[in-house]
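Chain by chain, the residues:
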Amino acid sequence: MLLKVENVHKSFSSEVLKGISLEVNKGDVVAILGPSGSGKTTLLRCINFLERAEQGTLTFDDVTYDLATISKKDINNIRKKTAFVFQNYNLFLNKTVLQNVTEGLIIGRGMDKHKAREIAIEALKRVGMDNRLDAFPSQLSGGQQQRVAIARALATDPEIIYFDEPTSALDPELIGEVLNVMRDLADDGMTMLVVTHEMNFARNVSSKIVFMDEGEVIETADPETFFQNPKEERAKTFVQGIISARN
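Residues numbered from 1 in each chain as written. Predicted model: local features only at pLDDT ≥ 70, side-chain atom pairs only at ≥ 80, totals over all residues. Heavy atoms only, no water.

Engineer: Please explain the overall build of the protein as it appears in this structure.
Structural biologist: Helices and strands together make up the secondary structure of the protein, namely nine helices and ten strands. Scaling as 2.2 N^0.38, a compact globule of 247 residues should have a C-alpha radius of gyration of about 18 Å, and the protein matches this with 18 Å. Reported as C-alpha extents along the three principal axes, the dimensions of the protein are approximately 55 × 45 × 35 Å. Carbon together with sulfur atoms contributes 44% to the accessible area of the protein, which is approximately 11,600 Å² in total. (Helix = DSSP H or I, 4+ residues; strand = E, 2+ residues; numbered from the N terminus. Rg over C-alpha atoms; globule rule 2.2 N^0.38 Å. Areas by Shrake-Rupley, 256 points an atom, 1.4 Å probe, with all protein chains shown as cover.)

Put into structure tokens, the structure is as follows:
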């Protein structure tokens, strides 16, 4: 087991996460599904310490941390082994494609510039963006920007990548190019925890579905079971809604 979170609670004006638990094994592609407002993104942000959970534990590489009291040093150590891909790319607009990928390696990790360039180009090659090294984000489509963001994540050699609805900001015709990259990563054995509304990706690429609603995990299952025969009534309604929307 690579990652385990237990009994995670988080409130804003009201309770958003109500005791969430899940596990991710090495090589898993775990898709977190659920209606808008169910707490999916908040969970991901708590796991990556972009939000501070009020209660719960996180076990990473067999070391367990209290999410409410974890130190900055421990957070930084965990982040060195993880990467996060945001909905809206979060690229530096004043830096080129290559600079966006090398920046974290040079500034954040103290890597030699030549070595950082080699790693960045290899990561960009994996996402099909090594032909746009000198382009700025404004010169790229949304799909291309997101592929650069994925390359930036890959360049850090993470043990797991968190994806927060990576295609939600894209025009429909650009979604496929990002999902194809993610499918290739899954084929290569990359461990991923993916908040997504892309049901075909969840069904055909993920190894496990975690279905959330109103701040709770309602059902966890393999994709075939979840989409063909969900056990919980709320999950059944969700799947039936997907089928109805397609028809």
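So much for the structure itself; the text now carries on.
Engineer: Looking at this structure, I do not really get the layout of surface pockets. What am I missing?
Structural biologist: Of the volumes computed, that of the largest pocket is approximately 650 Å³. If you go around the largest pocket, you meet 21 residues; those closest to its centre are Thr 82, Phe 84, Gly 104, Arg 152 and Thr 156. When contributions to the lining of the largest pocket are tallied by element, the ones reaching two or more residues are strand S6 (82-85), helix H3 (97-108) and helix H5 (142-155). With six residues, H3 is the single largest residue contributor to the lining of the largest pocket. For the lining of the largest pocket, the residue count by class is ten nonpolar, six polar and five charged. (1 Å grid on protein atoms, 1.4 Å probe; cavity = no way out; pocket = protein on both sides within 12 Å on 5 of 7 lines; lining within 4 Å. Points joined across faces, edges and corners; volume = space filled by probe spheres on them. Nonpolar A, V, L, I, M, F, W, Y, C, P; charged D, E, K, R; others polar.)

Engineer: Quick question: what am I supposed to make of a negative patch on the surface here?
Structural biologist: Together, Glu 15, Glu 54, Glu 214 and Glu 216 line one region of the surface with negative charge. Its place among the elements puts Glu 15 in strand S2 (residues 15-24). (Patch = residues over 30% accessible without salt bridge, like charges linked within 9 Å, V, L, I, M, F, W, Y side chains within 5 Å. Salt bridge = Lys/Arg side-chain N within 4 Å of Asp/Glu carboxyl O. Lys, Arg positive; Asp, Glu negative; His and termini not counted. Charge placed at Lys NZ, Arg CZ, Asp CG, Glu CD.)

Engineer: Looking at this structure, I do not really get unusual backbone geometry. What am I missing?
Structural biologist: Glycine aside, residues mostly have negative phi angles, and peptide bonds mostly take the trans form. At Phe 49, a residue that is not glycine, the phi angle is positive and equals roughly 65°. Tracing the backbone through its elements, the reader meets Phe 49 in the loop between helix H1 (40-47) and strand S4 (55-60).

Engineer: Any chance you could explain the packing of H5 against helix H6 (residues 172-187) here in plain terms?
Structural biologist: Working note: a packed helix pair is described by the angle between its axes plus the distance between those axes. For the pair H5 and H6, the least separation of the axes is 8 Å and the interaxial angle reads 20°. Classified by the angle their axes make, H5 and H6 are roughly parallel. Between H5 and H6 the crossing geometry is right-handed. In contact with Gly 142, Gly 143, Gln 144, Gln 146, Arg 147, Ile 150 and Leu 154 of H5, H6 contributes Leu 174, Glu 177, Val 178, Val 181, Met 182 and Leu 185. Looking at the contact of H5 with H6 residue by residue, the classes come out as seven nonpolar, four polar and two charged. (Axes fitted to C-alpha atoms, helices over the stretch in contact; angles between N-to-C directions. Parallel < 35°, antiparallel > 145°, perpendicular 65-115°, else oblique. Left-handed = near helix turned anticlockwise from the far one by under 90°. Contact = heavy atoms within 4.5 Å.)

Engineer: Looking at this structure, I do not really get the sheet that holds strand S1 (residues 3-11). What am I missing?
Structural biologist: What the four strands build is an open sheet, ordered S2-S1-S4-S5; its pairing is antiparallel. If you trace the sheet from one side to the other, it starts and ends with S2 and strand S5 (63-66), each paired once. Averaged over all neighbouring strand pairs, the angle between strand axes comes to 15°, with direction disregarded. Inspection of the sheet shows S4 paired to S5 by four bridges, in the antiparallel sense. For Phe 60, the partnering residue across the bridge sits in S5 and is Val 63. (Pairing = 2+ DSSP bridges.)

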